[in-house]
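# Remarks on the overall topology
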Protein chains: 2
Amino acid sequence: MRRLDLGILMLVCGAAVATLGSAESPNERKELDGFERFVSADGALTFDPAAIQDLVHIGSWFVPEGGAAGFHGVYTQRQALEAYRETGVFPDGAVLVKELRAHKRGDYTTGANVASAGGIGQWFLLIKDSGGRFPEHPLWGNGWGWGLFKPDAPSLNLATSYQADCLGCHAPAAQTGWIYVDAYPALHE
Amino acid sequence: MRRLDLGILMLVCGAAVATLGSAESPNERKELDGFERFVSADGALTFDPAAIQDLVHIGSWFVPEGGAAGFHGVYTQRQALEAYRETGVFPDGAVLVKELRAHKRGDYTTGANVASAGGIGQWFLLIKDSGGRFPEHPLWGNGWGWGLFKPDAPSLNLATSYQADCLGCHAPAAQTGWIYVDAYPALHE
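## Considerations on helix α2 (residues 78-87) of chain A
Residues and elements named next belong to chain A. Summarising burial for α2: seven of the 10 residues are buried, a large majority. For α2, every residue scored as buried is listed here: R78, Q79, A80, L81, E82, A83 and Y84. Close packing links the buried residues of α2 with β1 (56-63) and β2 (70-76). Directly after α2, the chain includes G88, whose backbone phi takes a positive value near 80 degrees.

## Re the pattern of salt bridges
Residue and element names in this part refer to chain A. Counting across every chain of the model gives 16 salt bridges over all chains. We note a salt bridge from R133 to D92, for which the minimum N-O separation is 2.5 Å. A residue pair is termed long-range when its members are at least 10 positions apart, and R133 in the loop between β4 (111-128) and β5 (140-141) and D92 in the loop between α2 and β3 (95-108) qualify at 41 residues. With a relative accessible area of 40%, D92 lands in the partly exposed category.

## Examining the pairing of β1 of chain A
The element β1 of chain A is largely enclosed, with a buried count of eight among its eight residues. Bridge count between β1 of chain A and β2 of chain A: seven bridges; the pairing is antiparallel. Considered in β2 of chain A, the bridge of S60 of chain A is made with G73 of chain A. The turn linking β1 of chain A back onto β2 of chain A is made up of six residues, and G66 of chain A within it adopts a positive phi angle of 100 degrees. Pairing between β1 of chain A and strand β4 (residues 111-128) of chain B: two bridges, direction antiparallel. Its bridge partner being in β4 of chain B, W61 of chain A is matched across the sheet by S116 of chain B.

## Quick look at the state of the cysteines
Residues and elements named next belong to chain B. Per the counting criterion, the structure on display carries zero disulfides over all chains. For the unlinked cysteine C166, the closest cysteine sulfur is that of C169, found at 8.7 Å. For C166, a relative accessible area of 11% corresponds to the buried category.

## Description of the packing of aromatic side chains
Inspection of every chain in the model, using the stated rule, returns 25 aromatic pairs over all chains. Look at F90 of chain A and W144 of chain A: their rings are 6.1 Å apart centre to centre, the planes differ by 70 degrees, and that puts the pair in the edge-to-face class. Placement of F90 of chain A in the loop between α2 and β3 and of W144 of chain A in strand β6 (residues 144-149) is noted, with a sequence separation of 54 residues between them. Of the two residues examined, F90 of chain A and W144 of chain A, each falls in the buried class. Ring centres of F47 of chain B and W123 of chain B lie 4.8 Å apart, and the angle between their planes is 35 degrees; on these two criteria the pair is classed as tilted. Of this pair, F47 of chain B sits in the loop between α1 (3-22) and β1 (56-63) while W123 of chain B sits in strand β4, placing them 76 residues apart in sequence. On the accessibility criterion, W123 of chain B (2% relative accessible area) is buried. Through successive ring pairs, a cluster of aromatic residues spans F38, F47, W123 and F149 of chain A. Its end group placed over the ring of W144 of chain A, K128 of chain A keeps NZ or CZ at 5.5 Å from the ring centre.

Each value, and the rule that gives it
Residues numbered from 1 in each chain as written. Chains lettered and ligands numbered in written order. Predicted model: local features only at pLDDT ≥ 70, side-chain atom pairs only at ≥ 80, totals over all residues. Heavy atoms only, no water. Buried < 20%, exposed > 50% of the residue type's maximum accessible area, 1.4 Å probe, protein only. Helix = DSSP H or I, 4+ residues; strand = E, 2+ residues; numbered from the N terminus. Contact = heavy atoms within 4.5 Å. Salt bridge = Lys/Arg side-chain N within 4 Å of Asp/Glu carboxyl O. Pairing = 2+ DSSP bridges. Disulfide = S-S within 2.5 Å. Phe/Tyr/Trp six-rings, centres within 6.5 Å; stacked < 30°, edge-to-face > 60°. Lys NZ or Arg CZ within 6 Å of the ring centre and 35° of its normal.

Read these as layout, nothing more, since geometry by itself doesn't imply function.
Here's what the structure looks like:
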């Protein structure tokens, strides 16, 4: 093949491959390679409820009573799960989402007083930040970016200070990177 | 470009695209377009524990006591979830997995006596079968293929008759295609 034709071939192949890469059918899983979709240039965190379907489920909590009652489902990127399984820590850029849902109870063939999930209450968002991207930002610190979002305004981070709003609940998990990793068996399988 | 070169171009592009399509990095999400990975030519069902990570989580149960105590997480293909949201029924080839996990309880900052998940007990597998692929097979009927698997031998279907082994627990959901769809809020969002 002549050099010119080879050049054209490479260009056309490149275009074909690029087109395939960006073509997104409604049934196609999206890649979630990083945290960029959740973070603006100045470090503000936002949330996209559809993001859950781009993540894998690594575990659930059931809280029977109190203000946090219901199901707490926890999700991360597939890549982050695989990295954790290899290294025992979440990689930089790992995204953790905890989705809180109401619950209802009923008797089923599986048992009495069985709980199942209802509507979404809120989401917690964590972005692993090993290098300290936003050292002055009040929602970035202790190795993570921290966010809290509700369904009526998922782009608004309701947390304003990770130290005041977030650390209290995570303090007992300080020794495992502020995450209750023992509750997520998928990390260890 | 000469016709021969165009032919070569198309062949090479095709090969390049095919190579891209089959190249699988460890961090790449696999597509799960159908049920084929779970069904052999004669209708036998098998299970692959890694399949969970190719599915999306559509809901969880928490059973507090009894033989089925623990978390029951339910998963389907992303495509099946999207089809259900559009049509209100699972499409032919939809895969539903229910993963049963043990649970432990503890007091956390989210509440007292909070349950979190432990090891895997077993998986239930359903393959939507609108047309009746295996009319004589004892594990195919009522619009589904039915399976039960345990971690020590996930390729062995422990159910031998869907009528004897499976329908009893699903009978209360007969009016909704044998699935407790009300317990999976993600289907309706």
